[in-house]
Amino acid sequence: MPSRTPNTSPDTSPSETASDRRDFFRIEDRIGLEIRKVPENAKQGYDPFNGDHLDALRADLKRLDQDVRIQLANLAERDRLLTSLIKSLNGKLDTLARIMAFEQNPLQPEDWQDVTLSEGGLAFHSATNAWSGGDILAVRMTLPPELFQPQAIARVLHTIPDESGGARVHTEFTEIQDSDRQQIARHVMRWQIRQRQNV
């Protein structure tokens, strides 16, 4: 079962005190994990995963999604059954889009690994002891079975070397979009539900 432990909130700034931080549930899970070290001279808007060519499409998709949500709110007052059906179809399209995107850029077997994940950060194993405290990393996670791909900028808190020459790397998210944090929160919640059902 996940433990409730204090992690630094993704929105925490250096001026915030420990009392301003939230507690997050941590889970042990197997996810897809892509990591890039952020250069010290990286400019604002730096995209380590080369998604610039899709920005216009993502913005258009976000606009359409907002339009659908507004219309559904209006429709819900008149026809709940139709609203429910449209929500299901919209969710089906979202899932299909994620599957198509994942199939176009599948992760390699070594990209899947066991991690400790929360809304505040993650810990993962590195085959080489390449990271050190204070390093800034860009991380993209693939969370099965929904295949959500939240991204974040994370700071390495510390590393624990192991006998294989690698290390366990502990990080906190320092920059993360609210929508990405919500995807992680939903994934954690669904993981907990599945664990309870398997008991």
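Residues numbered from 1 in each chain as written. Predicted model: local features only at pLDDT ≥ 70, side-chain atom pairs only at ≥ 80, totals over all residues. Heavy atoms only, no water.

1. Structural notes on the sheet that holds strand E4 (residues 112-118)
(1) Moving on: Taking strand neighbours around the barrel as the criterion, the six strands line up as E3-E4-E5-E8-E7-E6 in a closed arrangement whose pairing is antiparallel. Geometrically, the sheet is characterised by an average inter-axis angle of 50° between neighbouring strands, direction not taken into account.
(2) Moving on: Pairing geometry for strand E6 (residues 136-142) and strand E7 (residues 151-161), over five bridges, is antiparallel. Bridge pairing in E7 places Arg140 opposite Gln151. (Pairing = 2+ DSSP bridges. Helix = DSSP H or I, 4+ residues; strand = E, 2+ residues; numbered from the N terminus. Axes fitted to C-alpha atoms, helices over the stretch in contact; angles between N-to-C directions.)

2. Focus on a nonpolar patch on the surface
(1) Moving on: A grouping of Leu82, Leu85 and Leu89 is seen on the molecular surface, where their side chains present a nonpolar patch of about 260 Å² in accessible area.
(2) Moving on: One can find Leu85 in helix H2 (residues 80-104). (Patch = residues over 30% accessible without salt bridge, like charges linked within 9 Å, V, L, I, M, F, W, Y side chains within 5 Å. Areas by Shrake-Rupley, 256 points an atom, 1.4 Å probe, with all protein chains shown as cover. Salt bridge = Lys/Arg side-chain N within 4 Å of Asp/Glu carboxyl O.)

3. Quick look at helix H3 (residues 178-198)
(1) Moving on: The end-to-end C-alpha distance of H3, which contains 21 residues, comes to 30 Å, matching closely the 30 Å that a straight helix rising 1.5 Å per residue would cover.
(2) Moving on: Turning to H3, its buried residues are Asp180, Arg181, Gln183, Ile184, His187, Val188, Trp191 and Gln192. (Expected span 1.5 Å × (residues − 1). Buried < 20%, exposed > 50% of the residue type's maximum accessible area, 1.4 Å probe, protein only.)

4. Focus on unusual backbone geometry
(1) Moving on: Cis peptide bonds are those with omega within 30 degrees of zero, and the linkage from Pro144 to Pro145 qualifies with 0°.
(2) Moving on: Position of Pro145 among the secondary structure elements: in the loop between E6 and E7.
(3) Moving on: If you check the backbone angles, Leu147 has positive phi at about 65° while not being a glycine.
(4) Moving on: Take Leu147: it is sitting in the loop between E6 and E7.
(5) Moving on: The class of Leu147 is buried, set by a relative accessible area of 16%.

5. Some words on the packing of aromatic side chains
(1) Moving on: Taken as a whole and judged by the stated rule, the model has zero aromatic pairs.
(2) Moving on: The side chain of Arg186 reaches across the aromatic face of Phe148, ending 5.6 Å from its centre. (Phe/Tyr/Trp six-rings, centres within 6.5 Å; stacked < 30°, edge-to-face > 60°. Lys NZ or Arg CZ within 6 Å of the ring centre and 35° of its normal.)

6. Let's talk about the pattern of salt bridges
(1) Moving on: By the definition in use, this model includes seven salt bridges.
(2) Moving on: Put simply, Glu146 and Arg190 hold a salt bridge, and the shortest N to O gap is 3.2 Å. Placement of Glu146 in the loop between E6 and E7 and of Arg190 in helix H3 is noted, with a sequence separation of 44 residues between them.
(3) Moving on: When its relative accessible area of 29% is taken as the criterion, Arg190 is described as partly exposed.

7. Observations regarding the environment of Leu107
(1) Moving on: Here Leu107 lies in the loop between H2 and E4.
(2) Moving on: Leu107 sits in the buried class, given a relative accessible area of 12%.
(3) Moving on: Apart from residues no more than four positions distant in its own chain, Leu107 is found in contact with Gly32, Leu33, Glu34, Phe102, Trp112 and Thr142. (Contact = heavy atoms within 4.5 Å.)

8. Here's the deal with the pairing of E6
(1) Moving on: Taking burial as the measure, the seven residues of E6 include six buried ones, the bulk of the element.
(2) Moving on: Summarising the sheet, strand E3 (residues 27-37) and E6 pair through six bridges and their orientation is antiparallel. Paired with Leu33 across the strands is Met141, a residue of E6.

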